[in-house]
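Structural overview for review
Given next are the chains, with one letter for each unit.
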Amino acid sequence: MSAKDHKDYNEEENRLNETIDYIKGAITAAQLSKIEHQGEIKQAYIDLDYLDSSQSYASIMLYSTMIDDLEKNFDKLLTAQKKPYFARVDYKQEGEGKFQQFYIGKMTLYDAATNNQRIIDWRSPFASIYYDGRLGKVSYEAVAGTIKGVLSLKRQYTIENAKLENIMDVDITATDTFLQASLGENKDNRLKDIVATIQSEQNAIIRADINTPLVVQGVAGSGKTTIALHRIAYLIYTYEETFFPENFMILAPNRLFLNYISEVLPELGADKVIQTTFTDFIFSLIGNKYKLINPDEKLISIINQDVDLDNNEQKYLIETSAFKGSIGFKNIIDRYIQHVEESFVPDEDFVLEGHIILDRKEINNIFLNNYNWLPLYKRIEQVKKHLANKLKNDKSAILEKIENTYDNRIESIRVSVPEGEERRLKIVALINQRDETLLKVKKSSGTLVKKYISKFPQKDVFDYYREFLSSDFILQNHGDTQIEKGLMHYLCNYTKQLLDKKQLEVEDLSILAYMKYRILGFDKEIDIKYVVIDEAQDFSHFQFYVLKEIFKTQQFTILGDLSQGIHSYRSINNWDYVLHNIFDANKSQYLKLEQSYRTTIEIMDLANEVIKKISNEELILAKPVVRHGEKPIIQQFDSKIEIIDSVEKKVQGLLGEGYQSVALIGKTPRECKEIFKELEKRKKIKTKLLEGKEDQYDHNIVVVPSYLAKGLEFDAVIIINIDDCYKEEELDLKLLYVAMTRALHKLYVFSGKDKISFLQD
Ligand SMILES: Nc1ncnc2c1ncn2[C@@H]1O[C@H](COP(=O)(O)OP(=O)(O)OP(=O)(O)O)[C@@H](O)[C@H]1O
């Protein structure tokens, strides 16, 4: 149905045009006002009186702030003139006479003449009734408490380039045709905002209490990434008095993924949020002296089955990763740091020419007790102040004491030695000696503190890590953790060998960040107050812990899907420990998203069959929204040539049908390289091979290994399996699940004979 067929089309079109005219007027006014304010800033600079500049300076600041505000709203107005709103609700508050119309968009816009809101921001408390409410009685939470009312109309619009394309009324049965239409669209290689179609269960996450750590287990395609970004936009809007956008950090798995989500935050007006990866963030803290070895290397060798888990040494390789990411390991580090702390103060008193100013015990006491909340190195500065003060206080007394001692000695010579040359010489010698001693004391007191402080350790965090790994300490202090000695030996030697080559693996990053935080402290203050972690199933306990410590906050939103936990050899297997042991168990909140929006019923059904083969109660099956599509096509071929021929034909067909993005997903990088090379040679379709090092991707057809496709989505997916079989084992099943759930509309599995035999069932 086109918009024109709707009974209220004329009324709605008029309202739209009126709003657009109003926005255009506001844009012109903003432009004029900017010119005017710029003139005023210029004048203020001319008037700047350097002797009494406070007045002009205040003017400059005032007009600059105004320009900032104008610019902030100006961009929003420019966007809004093409699409001012996306929905309308007709609502009557309990006790009020008549229904009023409210239009919901991406900004708040007041009508200057009536002082009514022409557009209401989707993040406002009121807008919740659009997302949560059905026709009839509704309520929403406002600052003043729960507000009740009645909703008589919920209407959605498609507006493209200021033209009203479609109007849809959501009826009581609430079959959301608007959502269906949005999910049915073809997508390029960027994630989009969903402000118009946020679902109630998603709205609950977006608006969840800011103060509680929130863990969201969401099935593949349930909108976790999208919601994470919308939540940040919501928090920035709601808490603009308390937080700057720069106080928010979103941690994504890799730079490619950051590029994939890069358009959403600016669309939501939250572009200043810090967007980074765990790896990049930690390197910004510990410096770039060491290089990270490819974080996927171990996973690849496990996938490739290069690792023989019956072989003790190779088993240790995997167990090392798991242990390094555990709180048990952190506890051993804590004991090591305690040992460093206890022997940190130099093993000598603070002495001025034989006079003890502070003995070591006292200094140690100050170091251990007065400043125990500071990292060890940051305490040195404080100890230094204590030494300098005490020295300043004691110095004159020492000088006086020296003078007195000599005066007494001189006096006793005067009394005991008869007057004459001998007495004179003795006294002169003593006076010289006294003056020399006084001079020496004065001189050495000038450098005494510096000298003492220079005896404190001066190492970097890598020195400490190496020392920790070399200490008998690590082998003897397992404490509560029951770890085999053999594994500990392996872990230490393996890590030391990496350090010798100036290399680190991703598991080392939490350890180094933690040691730096506890021992050396950071160079600059970190002002992150809210953290959002996406793809959090790949994090270890230690990673969560270290972030919580460094940021000194419990304000986290953690989103992930255990079914996609392909790094589970080094990361979490359930959320319980995170909820109860890493964060405050009484505060933390756990929410589930079971509805999947990305893919069709047919594709999701098949993917669910795959994940069901893993016996783990924690794995939740996805419920696809009602959107049907073609059944996935599973085909086996006799040769590689046949597979590649079919891939080429299929991709050409898909592009011809108007699909914009296609992923050719191989199991391993090795397989992907082979597919890519073959396709390159034939030159029929242009593809891009994704290897994990890219900062961005802008190709529509990509060849990508299964583990790297995580988080991304494509109109169509062709899973290609030439070499490495998918076995009916947990990791392979998860990889296959990830690959399958990347498809929005179409899924094909092209494999050699008996490569993924269990799919035939
Ligand atoms: N309420 C919604 N309205 C419209 N589209 C939605 C909605 N929720 C999610 N989607 C769409 O579903 C797709 C999947 O979303 P997203 O990538 O955020 O999910 P995810 O849970 O992070 O997935 P995965 O874990 O599989 O990577 C995206 O195309 C997103 O736009």
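Residues numbered from 1 in each chain as written. Predicted model: local features only at pLDDT ≥ 70, side-chain atom pairs only at ≥ 80, totals over all residues.

**Comments concerning the overall build of the protein**
In terms of helices and strands, the protein carries 26 helices and 25 strands. Taken over the C-alpha atoms alone, the protein extends approximately 130 × 75 × 50 Å along its principal axes. Sequence separation of at least 24 residues holds for 74% of the intrachain contacts in the protein that already meet a minimum separation of 6. (Helix = DSSP H or I, 4+ residues; strand = E, 2+ residues; numbered from the N terminus. Contact = placed C-beta atoms within 7 Å.)

**Considering the packing of helix H16 (residues 461-470) against helix H19 (residues 506-520)**
Between H16 and H19, the shortest axis-to-axis distance is 9 Å and the interhelical angle comes to 110°. Judged by the inter-axis angle, H16 sits roughly perpendicular to H19. Judged by residue contacts, Val461, Tyr464 and Tyr465 of H16 engage Ile511, Leu512, Met515, Lys516, Ile519 and Leu520 from H19. In terms of residue class, the contact of H16 with H19 is made up of eight nonpolar, no polar and one charged. (Axes fitted to C-alpha atoms, helices over the stretch in contact; angles between N-to-C directions. Parallel < 35°, antiparallel > 145°, perpendicular 65-115°, else oblique. Nonpolar A, V, L, I, M, F, W, Y, C, P; charged D, E, K, R; others polar.)

**Considering the sheet that holds strand E21 (residues 662-666)**
Strand order in the open sheet formed by six strands is E20-E25-E24-E21-E23-E22, and the pairing between neighbours is parallel. Taken across any chain shown, the strands that pair with only one partner, and hence form the sheet edges, are strand E20 (633-637) and strand E22 (688-689). Sheet topology places E21 next to strand E24 (residues 714-721); four bridges connect them, and they run parallel. Counted as the bridge partner of valine 662 is alanine 716 from E24. The sheet contacts of helix H24 (residues 669-682) involve E21, E22, strand E23 (701-705) and E24, and relative to E23 the element is tilted by about 150°. (Pairing = 2+ DSSP bridges.)

**Overview of the nonpolar core**
Core analysis: the largest hydrophobic core is formed by 166 residues, its most contacted members being Ile104, Ile232, Val662, Val717, Ile718, Ile720 and Met740. Inspection of this core shows a minimum of three residues originating in each of domain 1 (3-196) and domain 3 (629-752). Among residues more than four places away in sequence, those in contact with isoleucine 718 are Val647, Lys650, Val662, Leu664, Tyr748 and Phe750. In terms of nonpolar packing, the next biggest core, distinct from the first, is built from 11 residues, Val345, Leu358, Phe367 and Leu387 among them. (Core = buried A, V, L, I, M, F, W, Y, C linked by C-beta atoms within 7 Å. Buried ≥ 20, exposed ≤ 12 C-beta atoms within 10 Å, placed from the backbone. Domains from an automatic or database assignment.)

**Let's talk about the UniProt feature "binding site: ATP" (unreviewed entry) in the protein**
Here, the residues flagged by UniProt with the feature "binding site: ATP" (unreviewed entry) are Gly218, Val219, Ala220, Gly221, Ser222, Gly223, Lys224 and Thr225. Residue position: glycine 218 is located in strand E8 (residues 214-218). Given 25 C-beta atoms within a 10 Å radius, glycine 218 is considered buried. Those residues in contact with glycine 218, other than ones at most four positions away along the chain, are Lys224, Leu559, Asp561 and Leu593. Its location among the elements puts valine 219 in the loop between E8 and helix H6 (224-238). What makes valine 219 buried here is the crowd of 29 C-beta atoms within 10 Å. Ignoring any residue separated from it by four or fewer positions in sequence, one finds valine 219 in contact with Asp561, Ser563, Leu593, Glu594, Ser596, Ile620 and Ala622. (UniProt positions renumbered as here; feature names shortened; annotations may be inferred.)

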